[in-house]
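# Commentary on secondary and tertiary structure
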Amino acid sequence: EQHGPTKRSNLYKLRNYVIAHLMWNPELSVDELVNDFLKGYYGAGAVGLRKYFDLIHEEGRKLDERKRPLHMWGKVANSGFPNEMFEEAAKYLKQAQAAVAGDPVLTRRVRIERAMNDFSRILLDNVGAPVEVSRNPEYVNGERFKDLREAAQSYYALMKEDAHFLH
């Protein structure tokens, strides 16, 4: 797995923080390092981010890598992660964003993590869907469409605010 400083992977700063500390002292507790980083970097949003982190790892342990190997060029739809995981993650990330409301620095940090998950949700919802589905009034007027439209708008706004968001 590549651990470079890319903004294209979720929780990349956490990963780099933990790896750097373990290289310095491999006896440190990973769990304590994760908690320390989340509290320091996300403030009040740390609780939601910890739930998000735990969810990803819990689901990751269930994967059979012989059938669906995880790698940096993999596609979300082929990752083996259930769609429900991304939906549950969205709830935790929304909680984290609500917890940091009013703090623009922390809000931006949480928005970036939320954008990674939202991007996956949008892709998964549209895998193999014909264009006609998105024109169906039942879908367009439903809660799912409204939720994903808000996610897409937030993602797009984040990219417009920071041209280097994906670099």
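This write-up is about the structure you can find in this document. Because the structure is a prediction, the values reported are computed rather than measured. (Residues numbered from 1 in each chain as written. Predicted model: local features only at pLDDT ≥ 70, side-chain atom pairs only at ≥ 80, totals over all residues. Heavy atoms only, no water.)

## Some remarks on the pattern of salt bridges
Formally: Salt bridges are defined as contacts in which a side-chain nitrogen from Lys or Arg sits within 4 Å of a carboxyl oxygen from Asp or Glu. Secondary structure elements are defined from DSSP: runs of H or I of at least 4 residues count as helices, runs of E of at least 2 residues count as strands, and each element is numbered from the N terminus. Burial classes: relative accessible area under 20% of the type maximum marks a residue as buried, over 50% as exposed, and values in between as partly exposed (1.4 Å probe, protein chains only).
One pass over the full model with this rule turns up 14 salt bridges. Residue Arg50 is joined to Asp31 by a salt bridge in which the shortest nitrogen-to-oxygen separation is 2.5 Å. One end of the pair, Arg50, is in helix α3 (residues 46–62); the other, Asp31, is in helix α2 (residues 30–42), with 19 residues separating them in the sequence. For Asp31, a relative accessible area of 41% translates into the label partly exposed. For Arg50, the salt bridge identified is with Asp54, shortest N-O distance 3.0 Å. Of this pair, Arg50 and Asp54 both sit in helix α3, 4 residues apart, roughly one helical turn. Judged by relative accessible area, which is 16%, Arg50 ranks as buried. Taking relative accessible area as the criterion, Asp54 reaches 33% and is therefore assigned partly exposed. Three or more residues joined by partner-sharing salt bridges are found here, namely Glu87, Lys94, Arg114, Asp118, Arg121, Arg144, Asp147 and Glu150.

## Describing the nonpolar core
Just so we agree on the cut-off: Among buried residues, the Ala, Val, Leu, Ile, Met, Phe, Trp, Tyr and Cys ones that are joined through side-chain atoms within 4.5 Å form a nonpolar core. The criterion used for residue contact is that any of the two residues' heavy atoms lie within 4.5 Å.
In terms of nonpolar packing, the biggest core is built from 27 residues, with Leu11, Leu14, Leu38, Tyr42, Leu49 and Tyr52 touching the most fellow members. Looking at this core, the elements that each hand over two or more residues are α1 (12–24), α2, α3, α4 (83–99) and α5 (104–126). Setting aside its immediate chain neighbours within four residues, Tyr42 contacts Leu11, Phe37, Leu49, Val100, Leu106, Arg109, Val110 and Glu113.

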